[in-house]
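Structural characterization, general
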Amino acid sequence: TNDNKSISKKKVVAVVGGGLVGALNACYFAKRGFQVEVFESREDIRQAKIVKGRSINLALSHRGRQALKQVGMEDTIVSKGIPMHSRMIHSLNGTQSPIPYGKKGQYILSVDRANLNKELLSAAETYPNTNLNFAHKLLDWSTETGAMTFVRAEGAKEEIQADLIVGCDGAFSAIRKQFLRQSRFNYSQTYIPHGYLELTMPPINGEFAMKPNYLHIWPRNTFMMIALPNLDKTFTCTLFMPFEEFEKVTTGDQVIKFFQKYFPDAIPLIGAEALKRDYFHLPAQAMVSVKCSPYHFGDKCVLMGDAAHAVVPFYGQGMNAGFEDCLVFNEIMDQLNEDFSAVLPEYTRVRVPDDHAIADLAMYNYVEMRAHVNSKWFLFRKYVDNFLHIIMPRTIIPLYTMVTFTRTRYHKAVKRWHWQDKVINQGLLFCAAVTVASGSYLLVRYPPNMPNIPTEQLWSRLQALKSPF
Ligand code: FAD
């Protein structure tokens, strides 16, 4: 009722973590009229010179865009993004071949992480009912009283109460620590054997060093490098490789040798000297996958973004899923009239299967991006899937399309993918069988006028027919 609503409007929502998901969430709660307090451990990144953070740029797609749209931020962010219509596969011999992401007009956007975070913080600040509290690091909170303890930059402690705590404090969430102590809380965390390292590819004569509207990929089985374009005409290259391999490369010359072997076309573009230097600039970073459930504690606390589900970055969905969390929570707030005691369990019920599905898919793609984009069967199936999607757009939808260009629930996308895969493989098998059968029939019915060729000669002719594909 309206009365209930006006009471709940006075409630205080503490958003812990002012990263991408926290800053967006602040906008959502502020828009609903709550008193929003954001607590972020870092200083204000809008004033700080160097921003410590993970990847420099990210791929923004449909889910993230829809979530931004709901708080009026889509256009601002999209206008500063660079569309990427296709992957560009760099093979070892330097040839480049594009593989489109979807249908014509479908693309993902390369956006600057720091700028996105800054814009979202500024957007949150435009609401008079929002305060941004920087240099507030959450130490702990009490599940009994809901009181949060923060440590300030100078070491002083501060205790703060709120009606709802929204944990958006990333993969190593301090809010989540209290969940771990609860009975029936499921939790798993997996580090993959790979680490990542970022390198910059500068512009050449003021222009992008490679075609800008692509996500460039150098798949090399166990290694992989990708590059996303930035507005300043640089590319940020990310090298993914097992830690074991990173440890083998210890000198500048070894870096060059390694690149000559696996990514020769990238050496002149990054620059040999820069490569030797920047490779050792920062140590390779680890990647973790975190799954847990439930996402809420009573009517007091809820986890969103990486705090609830850190995923490996190989589907480009971590942030998109985190943004969608905010959108889904908002939809449930509408349905259940902002009653936290009903909204929080419903959010867990709806969201856990989806976030677990994207965590699994990202892990699956970890294998696919490195190995399968090299395989002919994978490419063939991609073309078959895309072709079938064009002629039967409602029946066959490629998995990547469902994940990246729709809001089909992640777990439903996975189910549908398994079903489609079965149908398409059976269809292909059927076509192959029909071709073989009709070919044999025609051969028997209308035997060709075969010249009398000795068996040995016939064999060498057949060998010559073997084309690469
Ligand atoms: P974070 O961005 O980690 O923000 C958490 C915030 O909480 C930080 O500001 C931190 O300072 C603050 N904080 C932490 N602890 C505390 C505390 N105790 N008290 C107060 N504040 C605290 N996703 C995509 O969608 N597309 C991509 O292309 C993509 N590429 C990626 C590439 C790499 C290499 C990596 C590692 C990730 C990538 N991701 C991508 C995933 C994406 O980065 C994350 O999903 C996203 O940053 C999650 O946002 P978040 O706000 O939940 O967490």
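The model shown is predicted, which means the values in this text are computed figures rather than measured ones. (Residues numbered from 1 in each chain as written. Predicted model: local features only at pLDDT ≥ 70, side-chain atom pairs only at ≥ 80, totals over all residues. Heavy atoms only, no water.)

1. What about the overall build of the protein?
Just so we agree on the cut-off: Every helix listed is a DSSP run of H or I at least four residues long, and every strand listed is a run of E at least two residues long, numbered separately from the N terminus. Whether two residues are in contact is decided by their heavy atoms, any of which lying within 4.5 Å being enough. Every accessible area reported is derived by Shrake-Rupley at a probe size of 1.4 Å, with residue values counting cover from the shown protein chains alone. Charge counting treats Lys and Arg as positive and Asp and Glu as negative, with His and both chain ends excluded. Where a charge sits is defined by one atom per residue type, namely NZ (Lys), CZ (Arg), CG (Asp) or CD (Glu).
In terms of helices and strands, the protein carries 16 helices and 19 strands. Considered along the principal axes of its C-alpha atoms, the protein spans approximately 95 × 55 × 40 Å. In the protein, the proportion of contacts linking residues at least 24 apart, taken out of those at least 6 apart, comes to 70%. Carbon and sulfur atoms make up 57% of the accessible area of the protein, which totals about 23300 Å². In the protein, 53 positive and 43 negative side-chain charges are present, and the distance between their average locations comes to 8 Å.

2. Structural notes on the sheet that holds strand 7 (residues 108–112)
Cut-off, in case you're wondering: Being paired, for any two strands, means DSSP has found at least two bridges between them. Axis angles are defined between N-to-C directions and span 0 to 180 degrees, where every axis is a line fitted to C-alpha atoms and, for a helix, only to the segment in contact.
If you walk across this open sheet you meet the three strands as 3-7-4, and the pairing is antiparallel. Looking at strand neighbours, the two that pair on one side only are strand 3 (57–60) and strand 4 (82–84), the edges of this open sheet. Each neighbouring strand pair of the sheet contributes to a mean axis angle of 35°, computed without reference to strand direction. When strand 3 meets strand 7, the two strands line up antiparallel, connected through four bridges. Counted as the bridge partner of Leu58 is Val111 from strand 7. Across the face of the sheet, helix 5 (residues 113–125) comes into contact with strand 3 and strand 7 while running at roughly 80° to strand 7.

3. Considering the sheet that holds strand 12 (residues 164–167)
Strands sit in the order 8-2-1-12-19-18 across an open sheet of six strands; the sheet is mixed. Here the strands that pair on one side only, and so sit at the sheet edges, are strand 8 (130–133) and strand 18 (296–297). Two elements, strand 2 (residues 35–39) and strand 8, share four bridges in a ladder whose sense is parallel. For Glu37, the partnering residue across the bridge sits in strand 8 and is Asn131.

4. Thoughts on the packing of helix 13 (residues 376–391) against helix 15 (residues 410–445)
Here is the rule we go by: The scheme is simple: roughly parallel for angles under 35 degrees, roughly antiparallel for over 145, roughly perpendicular for 65 to 115, oblique for anything else.
Running from N to C, helix 13 and helix 15 point in directions that differ by 105°, and their axes come no closer than 12 Å. Considering their axes alone, helix 13 and helix 15 lie roughly perpendicular with respect to each other. Of the residues in helix 15, those in contact with Trp377, Phe380, Arg381, Val384, Asp385 and Leu388 of helix 13 are Asp421, Ile424, Asn425 and Leu428.

5. Focus: the confidence of the model for the protein
To keep it simple, the criterion reads: The quantity called pLDDT is the predictor's confidence in a given residue, expressed from 0 to 100.
This prediction gives the protein a mean pLDDT of 91; 91% of its residues lie at or above 70. Segment residues 1–8 is flagged for pLDDT under 50; beyond a separation of four residues in sequence, or across chains, it makes four contacts in the model. A low-confidence stretch, residues 458–469 stays under pLDDT 50, and its non-local contacts, those more than four residues away or across chains, total four contacts.

6. Here's the deal with helix 11 (residues 318–335)
To be explicit about the condition: Any helix carries an expected span of 1.5 Å times its number of residues minus one. Each residue's exposure class comes from its accessible area (1.4 Å probe, protein chains only) as a fraction of the maximum for that residue type: buried when under 20%, exposed when over 50%, partly exposed otherwise.
Here helix 11 is 18 residues long and its end C-alpha atoms lie 26 Å apart, about the 26 Å a rise of 1.5 Å per residue gives. Counting buried positions along helix 11 yields 15 of 18 residues, so the element is predominantly enclosed. Looking one or two residues past helix 11, Asn337 carries a phi angle of roughly 55°, positive in sign.

7. Things to note about the site of the ligand
Basically, it comes down to this: Put simply, a residue is near a molecule or strand once any heavy atom of it comes within 4 Å of that molecule or strand. Each polar contact in these results corresponds to two N or O atoms within 3.5 Å; when the atoms are within protein, one needs to be able to donate a hydrogen and the other to accept it, and residues that are neighboring in sequence are counted only if both atoms are side-chain atoms.
Looking at the ligand, there are 30 residues lining it, with Glu40, Ala59, Arg113, Leu138 and Asp306 nearest. Val21 is positioned such that a nitrogen or oxygen atom in its backbone is 2.9 Å from an oxygen atom of the ligand. In this structure, Arg42 approaches the ligand through a side-chain N or O atom, which is 2.9 Å from an oxygen atom.

8. Brief notes about the packing of helix 2 (residues 20–31) against helix 11
Selection criterion: Put simply, a crossing is left-handed when the front helix is turned counterclockwise from the back one by less than a right angle, and right-handed when it is turned clockwise. Ten residues, namely Ala, Val, Leu, Ile, Met, Phe, Trp, Tyr, Cys and Pro, are considered nonpolar, four, namely Asp, Glu, Lys and Arg, are considered charged, and the remaining ones, Gly among them, are considered polar.
Between helix 2 and helix 11, the shortest axis-to-axis distance is 9 Å and the interhelical angle comes to 20°. Considering the angle they form, helix 2 stands roughly parallel to helix 11. In this structure, helix 2 crosses over helix 11, and the sense of that crossing is right-handed. Contacts between helix 2 and helix 11 involve Leu20, Val21, Leu24, Asn25, Tyr28 and Phe29 on the former and, on the latter, Met319, Gly322, Phe323, Cys326, Leu327, Phe329, Asn330 and Met333. When the residues that make up the contact of helix 2 with helix 11 are grouped by side-chain class, the tally is eleven nonpolar, three polar and no charged.

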